[in-house]
Amino acid sequence: MEHVRRWLLRLREPWINWRARRLADPVRRLRYLRRATVFPPLPNRVPKLLLVLTCTAAGAALFIPGHPGLLLREVAPPPPPAQLVVQQAASHQSDVWLVDSREGQYEIYSNGLRLETAGTVAYLPRAWRRIMRPSLAQSELRADPIGIIYHTTESHIAPFDPDHTARLKRVGQWLIDYLRKERSYHYLIDRFGRVHRIVRESDAAGHAGRSVWADDSSVYINLNHEFLGVAFESATQSGDQPSDSVTSAQIRSARALTEMLRARYRISTVNCVTHAQVSVNPLNHRIGNHTDWASNFPFLELGLPDNYELPVAALEIFGFGYDQDFVTATGGRLWKGLLLTEERVRQAASAEGVSVMPYRARLKEKYRKQLAELPASGESKEKAI
Ligand SMILES: [Zn+2]
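Residues numbered from 1 in each chain as written. Predicted model: local features only at pLDDT ≥ 70, side-chain atom pairs only at ≥ 80, totals over all residues. Heavy atoms only, no water.

(A) Focus on the overall build of the protein. From N to C terminus, the protein includes 10 helices and 16 strands. Here the protein holds 385 residues, and 52% of them are scored as buried. Sequence-distant contacts in the protein: of pairs separated by 6 or more residues, those separated by 24 or more amount to 71%. Counting every atom, the protein has about 18200 Å² of accessible surface; 55% of that belongs to carbon and sulfur. (Helix = DSSP H or I, 4+ residues; strand = E, 2+ residues; numbered from the N terminus. Buried < 20%, exposed > 50% of the residue type's maximum accessible area, 1.4 Å probe, protein only. Contact = heavy atoms within 4.5 Å. Areas by Shrake-Rupley, 256 points an atom, 1.4 Å probe, with all protein chains shown as cover.)

Put into structure tokens, the structure is as follows:
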């Protein structure tokens, strides 16, 4: 039935886009788009004649001269959200230092963070080149991490109650063993809030895959070397509903871990983002190849600004798009970042005296050129979880 649902949705698309353009408030517009494009379930038995007529009409619409085309397209760009601004919290980060440790067992830090370090594995030594903005020229070779990407493991989650303690511990240990074998992430925060080092910090880990991010001075492409990977033993939940698969112990530990990593490597808050914000698919040139933490990430509880409101670098710098599947996976907080980015792209195109489409085509060409110039660094540069 799925293909029928898609046909019906595509039939309604011009009407939906027309109505969306009439909504001045950007958040209301995205909310409407999201609601309108989730087509109600079809009844189990749809009369065959109705299906034939519907599919025939949809097929005919595809060939109407001048019709915009009904293949799954990116969501219509909304008009300028003038009131949107990027708000960054003060980025002061007090020092956090190591106060006790036992080689191959644990480390304890001044902010209460305890790291379980037994079984830590090595992978590829970290090495990456800075890509400068706006020239996109490659600059110095670096070996320090510039940011943190937060993930969920998307693994099986046992109920969090005392009766399931043994199962929670067993499932957690299986997960740790698997991640160390795969060299995935630098840290895993288990359901009890224990922080396990998986891959040592001096090495890259497989976690970000094909990805793009940027701060004021640099652009980052395929982020396994540039960013540390921190995973919650959890499963993604779409939309604005608060996740019930993350425990308060995990959030407390994630805050302490974030404080320590930011202090140790002087990491800017703008480079503390979720996998869904950076993941891309170069084949169809859309963002959201991975959608873990596409919504509900507890930025504020971790002492960070709400980075969902940041512009999405892949859209702004390399002309990526997004589709309805991505909008469905996100919540209203990330929409603000998408809208801000759409506005920036429109302004940049206008400044160059072209419309958005040819401007984005130029950006896509820049991405292809950057990919071709990236040094071949093997599996670690593209491996994702
Ligand atoms: Zn991920």
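Back to the text.
(B) Main features of the environment of Thr328. For Thr328, the position within the fold is in helix 8 (residues 324–329). Taking the C-alpha atoms as reference, Thr328 lies 9.4 Å from Ala294; in sequence the two are 34 residues apart.

(C) The side chain of Asp203, seen in detail. By secondary structure assignment, the location of Asp203 is in strand 10 (residues 203–204). In this view, Asp203 contacts Ala122, Tyr123, Leu124, Pro125, Arg126 and His186; residues no more than four positions away in its chain are not counted.

(D) Seen up close, helix 9 (residues 332–351). For helix 9, which comprises 20 residues, the first-to-last C-alpha distance of 29 Å matches the rise-based estimate of 28 Å (1.5 Å per residue) to within 8%. Restricting attention to buried positions, one finds in helix 9 the residues Gly332, Leu334, Trp335, Gly337, Leu338, Leu339, Leu340, Thr341, Glu342, Glu343, Val345 and Ala349. (Expected span 1.5 Å × (residues − 1).)

(E) Layout of the pattern of salt bridges. One pass over the structure, following the stated rule, counts 20 salt bridges. Note that Glu107 and Arg197 form a salt bridge whose closest N and O atoms lie 3.1 Å from each other. With Glu107 in strand 2 (residues 106–109) and Arg197 in strand 9 (residues 195–197), this pair connects stretches of sequence that are 90 residues apart. With respect to class, Glu107 is no different from Arg197; both count as buried. Where Glu309 meets Lys336, a salt bridge forms, and the shortest distance between an N and an O atom there is 3.6 Å. With Glu309 in the loop between strand 16 (286–287) and helix 7 (313–318) and Lys336 in helix 9, this pair connects stretches of sequence that are 27 residues apart. (Salt bridge = Lys/Arg side-chain N within 4 Å of Asp/Glu carboxyl O.)

(F) The arrangement of the packing of aromatic side chains in detail. Counted according to the given criterion, the structure contains 11 aromatic pairs. Ring geometry for Trp128 against Tyr220: centres 5.8 Å apart, planes inclined by 75°, an arrangement best described as edge-to-face. With a gap of 92 residues between them, Trp128 in strand 5 (residues 128–132) and Tyr220 in strand 12 (residues 218–221) connect regions that are remote in the sequence. Exposure remark for Trp128: the relative accessible area of 2% places this residue in the buried category. Here the aromatic rings of Trp293 and Phe297 are separated by 4.9 Å at their centres, their planes lie at 85°, and the arrangement is edge-to-face. (Phe/Tyr/Trp six-rings, centres within 6.5 Å; stacked < 30°, edge-to-face > 60°.)

(G) Examining the side chain of Ser295 more closely. Here Ser295 shows up in the loop between strand 16 and helix 7. Engagement of the side chain of Ser295 in a polar contact is seen with the side chain of Asn296, the distance being 3.4 Å. (Polar contact = N/O pair within 3.5 Å; in protein donor to acceptor, adjacent residues only side chain to side chain.)

(H) Representation of the sheet that holds strand 8 (residues 187–189) in the model. One open sheet holds the eight strands; their spatial order is 1-2-3-9-8-13-7-14, and the pairing between them is mixed. In the strand order of this sheet, the two ends are held by strand 1 (98–102) and strand 14 (272–274), each with one partner. Strand-to-strand twist in this sheet, taken as the mean axis angle between neighbours without regard to direction, amounts to 25°. Two strands pair when backbone bridges link them, and strand 8 and strand 9 are joined in this way by three bridges, in the antiparallel orientation. Its bridge partner lying in strand 9, Tyr187 is registered against Arg197. Here helix 5 (residues 248–265) sits on the sheet and contacts strand 2, strand 3 (114–116), strand 7 (147–152), strand 8, strand 9, strand 13 (227–232) and strand 14; the angle it forms with strand 8, its principal contact strand, is near 155°. (Pairing = 2+ DSSP bridges. Axes fitted to C-alpha atoms, helices over the stretch in contact; angles between N-to-C directions.)

(I) Here's a closer look at the pairing of strand 7. Of all six residues in strand 7, six are buried, a share of seventy percent or more. Of the two faces of strand 7, both are covered, the one formed by Gly147, Ile149 and His151 as well as the one formed by Ile148, Tyr150 and Thr152. Bridging between strand 7 and strand 13 involves six bridges; their strand directions are parallel. In the sheet register, Gly147 faces strand 13, and the bridge partner there is Phe227.

(J) Just the nonpolar core, in detail. Ranked by internal contacts, the top residues of the largest apolar core, which has 62 residues, are Tyr150, Leu257, Met260, Ile287 and Phe318. Counting residues per element, this core draws most heavily on helix 5, at six residues. In contact with Phe318, other than residues within four places in its own chain, are Leu136, Val212, Val219, Ile221, His285, Ala313, Leu363, Lys364, Lys366, Tyr367 and Gln370. Residues Leu175, Ile176, Leu179 and Tyr185 belong to the second largest nonpolar core, which totals 11 residues. (Core = buried A, V, L, I, M, F, W, Y, C linked by side-chain atoms within 4.5 Å.)

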